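Remarks on the overall topology
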Amino acid sequence: MPRILSTAAAGSLLPYGLGRSYGDSCLNDGRELIDCRRLNRILGFHESSGMVRCESGVSLSEIIDVFLPKGWFLPVTPGTRFVTVGGAIANDVHGKNHHRAGSFGAHVRQIALHRSHDGLVICNSEQNVDMLRATTGGLGLTGVIAWADIQLKRVAGPWIDAEVVQFQSLDSFLELSRESDGRFEYTVAWLDCFAGKNLRGIFFRGNHASERGMEVRRKRGQKLPFALPGWMLNRYTVKAFNSAYYKIHSAKKRESVVPYNSFFYPLDSVGQWNLLYGRNGFLQYQCVIPENNVEAVGELLERIAHSGMGSFLGVLKQFGSAPPAGMLSFARPGITIALDFAMRGERTLKLLQSLDEVVQQSGGALYPAKDARMSPALFEASFPRWRAFVPFIDPKMSSSFWRRITGAQ
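Residues numbered from 1 in each chain as written. Predicted model: local features only at pLDDT ≥ 70, side-chain atom pairs only at ≥ 80, totals over all residues. Heavy atoms only, no water.

Describing the packing of aromatic side chains
In this structure the tally under the stated criterion is 19 aromatic pairs. Centroid distance Phe 264 to Tyr 265: 5.9 Å. Interplanar angle 45°. Geometry classified as tilted. By relative accessible area, Phe 264 is classed as buried at 2%. Tyr 265 gets classed as buried once you look at its relative accessible area, which sits at 3%. Site record: aromatic cluster; members linked through ring pairs are Phe 73, Tyr 186, Tyr 260, Phe 263, Phe 264 and Tyr 265. Positioned over the ring face of Trp 147 is Arg 53, at 3.8 Å from the centre of the ring. In this structure, Arg 332 packs its charged tip against the face of Phe 383, placed 5.1 Å from the ring centre. (Phe/Tyr/Trp six-rings, centres within 6.5 Å; stacked < 30°, edge-to-face > 60°. Buried < 20%, exposed > 50% of the residue type's maximum accessible area, 1.4 Å probe, protein only. Lys NZ or Arg CZ within 6 Å of the ring centre and 35° of its normal.)

Overview of the packing of helix H8 (residues 295-307) against helix H9 (residues 346-362)
Where H8 meets H9, the axes come as close as 10 Å, and the angle between the chain directions of the two elements is 170°. Compared by their axis directions, H8 and H9 come out roughly antiparallel. Crossing handedness for the pair H8 and H9: right-handed. Facing H8, whose interface residues are Ala 296, Glu 299, Leu 300, Arg 303, Ile 304 and Ser 307, H9 presents Arg 347, Leu 351, Ser 354, Leu 355, Glu 357, Val 358, Val 359 and Ser 362. Here the residues of the contact of H8 with H9 are counted per class, giving seven nonpolar, three polar and four charged. (Axes fitted to C-alpha atoms, helices over the stretch in contact; angles between N-to-C directions. Helix = DSSP H or I, 4+ residues; strand = E, 2+ residues; numbered from the N terminus. Parallel < 35°, antiparallel > 145°, perpendicular 65-115°, else oblique. Left-handed = near helix turned anticlockwise from the far one by under 90°. Contact = heavy atoms within 4.5 Å. Nonpolar A, V, L, I, M, F, W, Y, C, P; charged D, E, K, R; others polar.)

Section: the environment of Ala 377
With respect to the secondary-structure elements, Ala 377 resides in helix H10 (residues 376-382). Here Ala 377 falls in the partly exposed class, since its relative accessible area comes to 45%. C-alpha separation for the pair Ala 377 and Gln 360, spaced 17 residues apart in sequence, amounts to 9.0 Å.

Examining the sheet that holds strand S17 (residues 365-366)
Note: strands within a sheet are paired through backbone hydrogen bonds, in either parallel or antiparallel orientation. Strands sit in the order S13-S10-S12-S11-S15-S16-S14-S17 across an open sheet of eight strands; the sheet is antiparallel. At either end of the open sheet lies a strand with only one pairing partner, and these are strand S13 (255-259) and S17. Alignment of strand S15 (residues 315-319) against strand S16 (residues 334-342), held across five bridges, turns out to be antiparallel. Bridging across to S16, Phe 319 finds its partner in Gly 334. Set on the sheet, H8 makes contact with strand S11 (186-191), strand S14 (282-289) and S16; between it and S16 the angle comes to about 10°. The strands that H9 touches are S14, S16 and S17; relative to S14, the one it contacts most, it runs at about 10°. (Pairing = 2+ DSSP bridges.)

Considering the nonpolar core
Ranked by internal contacts, the top residues of the largest apolar core, which has 100 residues, are Phe 73, Phe 104, Ile 111, Ile 150, Phe 173, Phe 341 and Trp 402. Not counting chain neighbours up to four residues away, the residues in contact with Phe 104 comprise Leu 60, Val 76, Ala 88, Ile 89, Asp 92, Val 93 and Ile 150. (Core = buried A, V, L, I, M, F, W, Y, C linked by side-chain atoms within 4.5 Å.)

Digging into the pairing of strand S7 (residues 119-124)
In this sheet, S7 lies alongside strand S6 (residues 108-115) in antiparallel orientation, the contact comprising six bridges. For Arg 115, the partnering residue across the bridge sits in S7 and is Gly 119. The hairpin turn running from S6 into S7, its antiparallel successor, is three residues long.

Looking at the pattern of salt bridges
For the structure on display, the rule yields 18 salt bridges. The partner of Arg 303 in a salt bridge is Glu 357, and the shortest N-O contact between them spans 3.4 Å. Highlighted residues: Arg 303 in helix H8 and Glu 357 in helix H9, separated in sequence by 54 residues. On the accessibility criterion, Glu 357 (43% relative accessible area) is partly exposed. Asp 371 serves as the salt-bridge partner of Arg 404, at 2.8 Å between the closest nitrogen and oxygen. Taken together, the positions of Arg 404 in helix H11 (residues 400-406) and Asp 371 in the loop between S17 and H10 put the pair 33 residues apart, joining distant regions of the chain. Accessibility expressed as a relative area gives 24% for Arg 404, which makes it partly exposed. (Salt bridge = Lys/Arg side-chain N within 4 Å of Asp/Glu carboxyl O.)

Examining the sheet that holds S6
Strand order in the open sheet formed by five strands is S3-S4-S8-S6-S7, and the pairing between neighbours is antiparallel. What marks the edges here is a single partner per strand, and that holds for strand S3 (42-45) and S7. Sheet twist, expressed as the mean angle between neighbouring strand axes with direction ignored, is 15°. Pairing of S3 with strand S4 (residues 51-55) involves three bridges; the strand directions are antiparallel. When the bridges of S4 are listed, Phe 45 appears paired with Val 52.

Below, the structure is given as structure tokens:
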């Protein structure tokens, strides 16, 4: 079990899993982290219902490897399988099926939470309900999750019936989303950031295939051996990549059967893909814009196009109407955009500050799990009820993110 220090001990603690958050929500600068990777046991499984109990350090990848051959899959998955169950709960991650299934936290039936004052606390729909809601999306600040009960989803096998559709405007994207939500469990789009308000992109949608077919073997992909020179990623190369990507997918067969791993986790096949951005790395920017302010999406894309710092990993998704599972859950009704920007110092920061203005004016929000520079004012606007969460924070827990956006010590 992880060691929880007494209140008298110096400093503060933060649970740490596989470290896949893009910002400082999983960091505790100058203080201590609790390595939860050794909490890696699957403790039980109900064969008929698909309920699995596992420790918080078990990865989503391990759950897939064990249970997909048995006909069960994750109820919700983010864009990488290399995150822990504890991290998925702490960030209340979402996926391509939010319009059907909501966020990950909606499928967590029970947790056991280590707290420095209270020991092991059981949280479910009947006892400590508010603590469960605080821990879901609570960024690891309420304590250390010992284990969780998660409801898995029954599937026929490891294949996805997928479709690829091109679109040339925000209106056509919204129409595709509306038309697809009733027929497809999974929907998401890639967008060309350099197109500006003349939005174009590729819409991906799919369902679990009804036949088992042959087994899918997960292959080890290529691994980038070193960081690319910063000059290789510029407006011309990114623009060329976006144009090529659009043309290639536009020419592909519209319908196909694909392995689940290529559909859900395309980047997992490239080891150390972050080195594409050079030694200075990148900042990811993910926001959600309310449905009644969709014109703000066009304004965001126009500012990005004019900046010359477009992203080649632009993702567009319409969230469903599911209520947030946690007090600080990010996913909510609206359109979410996720973009990667190579870090170019003050120039990049100014662009993101400009995007912040649009998000805040629209009544939108930023995603803490992917943030490294959100202002306290924007956090307040994104999560206006965050003070109701504060009483649930374990007195021994803190993080770099929490101190940055609230001024906490």
